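In case you want the letters, here they are:
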Amino acid sequence: MKRKRILGSLTLVLVALIWGVAFTAQSEAMKYIEPFTFNTARSLIAGVLLIPVVRLLDVLNRKDPNFVPPTASKRTLLFAGVLCGIILAVASALQQFGVMYTNVGKAGFITALYIVFVPVAGLVFRRRPGILVWIAVIIAVVGMYLLCMTESFTIAPGDTLVLLCALGFTAHILVIDRFSQTVDCVRMSMIQFFVCALISGICMIVFERPDIEAVLSAWLPILYAGALSSGVGYTLQIVAQKDTPPVLASLLMSLESVFAVLAGWLILGQTLTAKELCGCGLMFAAIILAQIPKKTDICSTNIKH
């Protein structure tokens, strides 16, 4: 069990690395194609990639005498997948447009605020957060001010879009938390990617002028975002969380913010001012603080990415 927990933790660090570097891939792709075209391509790749994964898991599960099949009906699975896909399409579009007008490091940190928003949103479902969560929210607000506010005391358009994206991913997390215990998570993930690809594709046709040559020029960031960030990342997350306590898992996955900053620095040569670095530090502290459970919740907290 200890070995499985260590392996699960290392896997989640890998997932955080994949997701963090994805911000750089998203930023690079915008040099060639538009946001809806990018999201259509990456989601389609992710959905297709998960088809053989689903088949393989079916074979392995049939051979496992301890396997417990999902209890939800196919209709529930379809509903969950479609709902996740709709939310993912909206959140991904907001994120992709936001990345066009802000740098990779800021996008990574602002997106990671979903880890603060999730316990706050839990109030709607009568899950009252502890005092540490409220302190984390205040710290996050201060961090957001230092990170995003310009000299004219306004928030850049890209920062606002990424913040809205973080709210979208909060809704996405809550929906997954609602259905993940009863449905086939990998199948739900596959359905959501195809739904996201469909919605993004419609928007692409209506609002953009997709160019196959431009898409081919951006093949590397598209392949990375589709195959690794979406397909592999989400699948590894599902597998790893089976052997990792949820609080530890969310802490490990929040490292995507750090990796986003490092990737922007190493790959794109982006820099942050001292004020913005202080904002990043406060936001990361808020993210960590928000994940410290109450004593009564240490064994029962259930937070999903």
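Refer to the preceding data block for the structure.
Residues numbered from 1 in each chain as written. Predicted model: local features only at pLDDT ≥ 70, side-chain atom pairs only at ≥ 80, totals over all residues. Heavy atoms only, no water.

Q: Whenever I open this one, the overall build of the chain confuses me. Can you help?
A: Secondary structure summary: the chain contains 13 helices and zero strands in total. When the elements of the chain are put in sequence order from the N terminus, they spell out α-α-α-α-α-α-α-α-α-α-α-α-α. Within the chain, buried positions represent 50% of all 305 residues. Within the chain, residue pairs in contact and separated by at least 24 positions form 91% of the contacts whose partners lie at least 6 positions apart. (Helix = DSSP H or I, 4+ residues; strand = E, 2+ residues; numbered from the N terminus. Buried < 20%, exposed > 50% of the residue type's maximum accessible area, 1.4 Å probe, protein only. Contact = heavy atoms within 4.5 Å.)

Q: Even after reading the chapter, I still don't get empty space enclosed by the protein, so can you show me in this structure?
A: Any empty space left between the atoms is revealed when a probe the size of a water molecule rolls over them. All chains considered together, the criterion is met by two cavities of 30 Å³ or more. When contributions to the lining of the largest cavity are tallied by element, the ones reaching two or more residues are helix 1 (2-29), helix 2 (35-63), helix 3 (74-99), helix 7 (157-179) and helix 10 (219-240). Top element by residues in the lining of the largest cavity is helix 1. It accounts for four residues. (1 Å grid on protein atoms, 1.4 Å probe; cavity = no way out; pocket = protein on both sides within 12 Å on 5 of 7 lines; lining within 4 Å. Points joined across faces, edges and corners; volume = space filled by probe spheres on them.)

Q: Explanation requested: the pattern of salt bridges in the structure shown.
A: Note on pairing: side chains with opposite charge can pair once their charged atoms come close. For the structure on display, the rule yields three salt bridges. Note that lysine 31 and glutamate 28 form a salt bridge whose closest N and O atoms lie 2.8 Å from each other. On the accessibility criterion, glutamate 28 (23% relative accessible area) is partly exposed. One salt-bridge network, held together by shared partners, links Asp58, Asp184 and Arg187. (Salt bridge = Lys/Arg side-chain N within 4 Å of Asp/Glu carboxyl O.)

Q: For this particular structure, what's the right way to read a nonpolar patch on the surface?
A: Taken together, the side chains of Leu198, Ile202, Ile205, Val206 and Phe207 present a nonpolar region at the surface, about 580 Å² in accessible area. Tracing the backbone shows phenylalanine 207 in helix 8 (residues 185-207). Given a relative accessible area of 61%, phenylalanine 207 falls into the exposed group. (Patch = residues over 30% accessible without salt bridge, like charges linked within 9 Å, V, L, I, M, F, W, Y side chains within 5 Å. Areas by Shrake-Rupley, 256 points an atom, 1.4 Å probe, with all protein chains shown as cover.)

Q: Quick question: what am I supposed to make of the nonpolar core here?
A: Inside soluble globular proteins, nonpolar side chains tend to come together where they are buried. Membership of the largest hydrophobic core comes to 23 residues, with the highest contact counts inside it found for Leu88, Phe169, Phe193 and Tyr234. Elements supplying a minimum of two residues to this core: helix 1, helix 2, helix 3, helix 5 (114-121), helix 7, helix 8, helix 10 and helix 11 (246-253). At four residues, the largest contribution of residues to this core is made by helix 8. Within the second largest apolar cluster, 16 residues are counted, among which are Val99, Ile110, Val116 and Leu289. (Core = buried A, V, L, I, M, F, W, Y, C linked by side-chain atoms within 4.5 Å.)

Q: Quick question: what am I supposed to make of the packing of helix 2 against helix 3 here?
A: Axis angle and axis distance: for two packed helices, these are the angle between their axes and the distance between the axes, and together they describe the pair. Close contact between helix 2 and helix 3 brings their axes to 9 Å; oriented N to C, the two are set at 130 degrees. Taken as axis vectors, helix 2 and helix 3 run oblique relative to one another. For the crossing formed where helix 2 meets helix 3, the hand is right-handed. Across the interface between the two elements, Pro35, Phe36, Phe38 and Asn39 of helix 2 pack against Ser92, Ala93, Gln96 and Phe97 of helix 3. Looking at side-chain class alone, the contact of helix 2 with helix 3 contains five nonpolar, three polar and no charged residues. (Axes fitted to C-alpha atoms, helices over the stretch in contact; angles between N-to-C directions. Parallel < 35°, antiparallel > 145°, perpendicular 65-115°, else oblique. Left-handed = near helix turned anticlockwise from the far one by under 90°. Nonpolar A, V, L, I, M, F, W, Y, C, P; charged D, E, K, R; others polar.)

Q: Looking at this model, I keep getting lost on the packing of helix 2 against helix 8. Mind explaining?
A: Put simply, helix 2 and helix 8 touch, their axes get as near as 8 Å, and they point 160 degrees apart. The angle between helix 2 and helix 8 places the two elements in the roughly antiparallel class. Note on packing geometry: the crossing formed by helix 2 with helix 8 is left-handed. Taken together, the residues of the contact of helix 2 with helix 8 break down into 18 nonpolar, eight polar and three charged.

Q: Explain the packing of aromatic side chains to me, please; I cannot follow it from the model alone.
A: Aromatic rings considered in pairs are described by the distance between their centres and by the relative angle of their planes. This structure, assessed with the given rule, holds three aromatic pairs. Taking 5.9 Å as the distance between ring centres and 70 degrees as the angle between the ring planes, the aromatic pair formed by phenylalanine 79 and phenylalanine 179 counts as edge-to-face. You can see phenylalanine 79 sitting in helix 3 and its partner phenylalanine 179 sitting in helix 7, a full 100 residues away along the chain. Here phenylalanine 179 falls in the buried class, since its relative accessible area comes to 8%. Positioned above the aromatic ring of phenylalanine 179, the side-chain terminus of arginine 178 is 4.9 Å from the ring centre. (Phe/Tyr/Trp six-rings, centres within 6.5 Å; stacked < 30°, edge-to-face > 60°. Lys NZ or Arg CZ within 6 Å of the ring centre and 35° of its normal.)

Q: Where do I start with the environment of serine 43 in this structure?
A: Along the polypeptide, serine 43 turns up in helix 2. For the pair formed by serine 43 and methionine 190, sequence separation is 147 residues and the distance between their alpha carbons is 9.3 Å. Dropping the residues within four chain positions of it, serine 43 is found in contact with Phe193, Cys196 and Ala197.

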